[in-house]
Amino acid sequence: MYKKVLLFFCYLIISTSVSAQIVGAGRAVDPYEYQVLKTQTFERAAVASAHALASEVGTAIMKQGGNAFDAAIATQLALAVVYPIAGNIGGGGFLLGCKADGELIGIDFRETAPAAASRDMYLDKEGKAQTDWSQNGHLAAGVPGTVAGLFATMPYAKLPFKSLIQPAIDLAEKGFLISANEAQSLNWTMGNFNKYSTRPSAFTSRKEWKAGDTLIQIELAQTLKRIRDKGERGFYAGKTAKLLVAEMKRRNGLISRKDLKAYRAKNRKPLEFTYRGHQIIGFPPPSSGGIILAQTLKMLEPYPLGQYGFQSPEAVQLIVEAERRAYADRATHLGDPDFWEVPQEQLLSDAYLKNRMADFEAGKASISKNIQAGEIRESDQTTHLSIVDAEGNMVAVTTTLNGAYGSKTVVGGAGFLLNNEMDDFSIKPGVANMYGAVGGEANAIAPNKRMLSSMCPALVLKEGKPFIVVGTPGGTTIPTSVLQAILNIIDFNMNPADAINSPKFHHQWLPDLVDIEKDFPQETRKKLEAMGYTFRLRDGIGRTEIIMIGADGKRLSAADKRGEDSVAGF
Ligand code: DON
């Protein structure tokens, strides 16, 4: 029944004789025939996300009269179906919006620690940190925030929620064709789905997946219908809550009915600052993303990066040293602001940041404190979507299960994956999380507390007008990827596609290494090695989705080359 999967250099076409319009108005969204589109300039509105079907759903919703907030809700819900590795209803995230009238919106739907969680819950009898417990299975899950986040977005949307969730329901019920990469990823995770789930699921419904198979998720469709019909209570109460709590009880999970009932998304005041005359908007704690972005850009602003040249030794050294200092601050000072006093004002003050770079020495590597930190893993996933509508509203959402497929626990009978976000807490001072990040008191586990994040949805205004919507997954590399996308446009005059696809580098204080992608310039590497830097090669860093609004008002959209990410628009 499935026909062909053709992979062009930046183009994927999946087609079949079966075809179904799942979204009524506008351009049809056909789960059996869709194409990956890497970069395109649209006249009025655009969506860039991790999956072509999700970008098309967001676009169709805007064609039906929805704005960027409607599209963000519908795109996220579609991702929960077609991008199960990270798109989710069992995880959490952050939404940053700038309305056409300039109003800024920050919605924090980060997961919380269950009420029964405790500071040392991931230490064994000998006091040794057990990262397997914080990373896999029932005990790794925080109380999901995504559904509350979607409903907290509704006041800014125009269409009824029922229309926004219907495409996701249809995609779950009728299924969609999966690509070779998606098949491979499901096959690789099959053992873990079986190990960490207590019931069979849609993902384990075949022994082996292959390109062109249809992934149908009936139980997920039923859960989405309960959310459609009962609103937030369709997830946090009633049958879905009952199934989730029953799942917890079948193993060692902590999430209770009370935790679900008590979960609230929170409105946060977005962080605003300027960089070379541009207004930058980032997300405040409990994400570290906005503060790291602000600190690094402000530390770099006094230097003529553009003159030094793109990925010149001078520019790379400066950026690395700014990153090192910002991540050292992250480890000590950042945590959930409802539980820990984050010295935000001081961390962002000009005097503090100037002083922070006072010991920078051109041509010589600084040295991070010698604390052991863990290895960074390559295959974990979060996902980001960037949207601009015809009115000029901008929305950036980064959302995650944390690792790929989160805890790998599918809620029996409810068909959705739970996050393993508890690992983002500092489970023991000095013990690295799965991204190698260390922390201490500020990010220690406490009941109902939100774990510190690196997610960094970001917006840029130029002369008061919408300019850039950007964000990415990538664990601790998130803020430095967003930083490079912004520098590449503002300082190095790149177009959005080059800005996100150029080779990336990353430093996070500990481990004291410069991570680079394989196409990072060798000459710069050699010069920095001579200054005392140690390099580590990594697979692709991040999957950045960007939309830039040109001086003529056109939406220049680009989806990262590193995955099957795709843009759509009109
Ligand atoms: O909130 C955070 O910082 C992490 N849970 C994000 C994880 C992530 O980006 C994984 N993607 N590659």
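Residues numbered from 1 in each chain as written. Predicted model: local features only at pLDDT ≥ 70, side-chain atom pairs only at ≥ 80, totals over all residues. Heavy atoms only, no water.

A word on the environment of Phe-339. Tracing the backbone through its elements, the reader meets Phe-339 in the loop between α13 (313-333) and α14 (344-348). In the structure, Phe-339 is positioned 267 residues away from Ala-72 in sequence and 29 Å away in space, judged by C-alpha atoms. In this structure, Phe-339 is in contact with Ala-446, Pro-447, Asn-448 and Lys-449, ignoring residues within four places of it in sequence. (Helix = DSSP H or I, 4+ residues; strand = E, 2+ residues; numbered from the N terminus. Contact = heavy atoms within 4.5 Å.)

On to the packing of aromatic side chains, then. For any pair of aromatic rings, the description consists of the separation of the ring centres together with the inter-plane angle of the planes. Counted under the stated rule, the structure contains 12 aromatic pairs. Seen from their ring centres, Phe-193 and Phe-203 are 5.2 Å apart, and the 20 degrees between their planes marks the pair as stacked. Remark: Phe-203 occurs in the loop between α6 (180-196) and β9 (214-215) and Phe-193 occurs in helix α6; sequence separation between them is 10 residues. Seen in terms of ring centroids, Tyr-303 and Phe-360 are 6.1 Å apart; in terms of plane orientation they differ by 75 degrees. Their pairing is edge-to-face. Here the residue Tyr-303 occupies a position in the loop between α11 (289-300) and α12 (305-308), and Phe-360 occupies one in the loop between α15 (350-356) and β13 (382-388), the gap between them amounting to 57 residues. Put simply, the rings of Phe-235, Tyr-236, Tyr-263 and Phe-416 touch in pairs and so form one group of aromatic residues. When the ring centre of Phe-467 is taken as reference, the NZ or CZ atom of Lys-462 above it lies at 4.8 Å. (Phe/Tyr/Trp six-rings, centres within 6.5 Å; stacked < 30°, edge-to-face > 60°. Lys NZ or Arg CZ within 6 Å of the ring centre and 35° of its normal.)

What follows is about unusual backbone geometry. Of the consecutive residues Pro-285 and Pro-286, the connecting peptide bond is found in the cis state with omega at 20 degrees. Its place among the elements puts Pro-286 in the loop between β12 (278-282) and α11. In the segment running from Leu-510 into Pro-511, the intervening peptide bond is cis, with an omega of -5 degrees. Position of Pro-511 relative to the elements: it lies in the loop between β17 (505-506) and β18 (514-516). A positive phi angle, close to 45 degrees, is found at Arg-276, a residue other than glycine. In this structure, Arg-276 sits in the loop between β11 (271-275) and β12.

For helix α2 (residues 68-82), spanning 15 residues, the distance from its first C-alpha to its last is 20 Å, which sits close to the expected 21 Å at 1.5 Å a residue. Among the 15 residues in α2, 15 count as buried, and that is most of the element. At the N-terminal boundary of α2, the capping side chain belongs to Asn-67, with an oxygen 2.8 Å from the backbone nitrogen of Phe-69. (Expected span 1.5 Å × (residues − 1). Buried < 20%, exposed > 50% of the residue type's maximum accessible area, 1.4 Å probe, protein only. Polar contact = N/O pair within 3.5 Å; in protein donor to acceptor, adjacent residues only side chain to side chain.)

Another aspect to go through is the packing of helix α5 (residues 161-174) against helix α7 (residues 218-230). Running from N to C, α5 and α7 point in directions that differ by 170 degrees, and their axes come no closer than 8 Å. By the angle class used here, α5 and α7 are roughly antiparallel. The residues of α7 that touch α5, namely those facing Phe-161, Lys-162, Ile-165, Gln-166, Ala-168, Ile-169, Ala-172 and Glu-173, are Ile-218, Ala-221, Leu-224, Lys-225, Ile-227, Arg-228 and Asp-229. Considered class by class, the residues forming the contact of α5 with α7 number 9 nonpolar, 1 polar and 5 charged. (Axes fitted to C-alpha atoms, helices over the stretch in contact; angles between N-to-C directions. Parallel < 35°, antiparallel > 145°, perpendicular 65-115°, else oblique. Nonpolar A, V, L, I, M, F, W, Y, C, P; charged D, E, K, R; others polar.)

One can describe the packing of α13 onto helix α16 (residues 478-490) by two numbers: an axis separation of 12 Å at closest approach and a directional angle of 145 degrees. The crossing of α13 and α16 is right-handed. Facing Ile-319, Glu-323 and Tyr-327 of α13, the residues of α16 in contact are Pro-479, Thr-480, Leu-483 and Leu-487. When its residues are assigned to classes, the contact of α13 with α16 shows 5 nonpolar, 1 polar and 1 charged. (Left-handed = near helix turned anticlockwise from the far one by under 90°.)

Right, let's talk about the sheet that holds β17 for a bit. Ordered by their spatial adjacency, 3 strands build an open sheet running β17-β18-β19, and the pairing between neighbours is mixed. At either end of the open sheet lies a strand with only one pairing partner, and these are β17 and β19 (535-537). Sheet analysis places β18 next to β19, joined by 3 bridges and oriented parallel. Among the inter-strand pairings, Asp-515 is bridged to a residue of β19, identified as Arg-536. (Pairing = 2+ DSSP bridges.)

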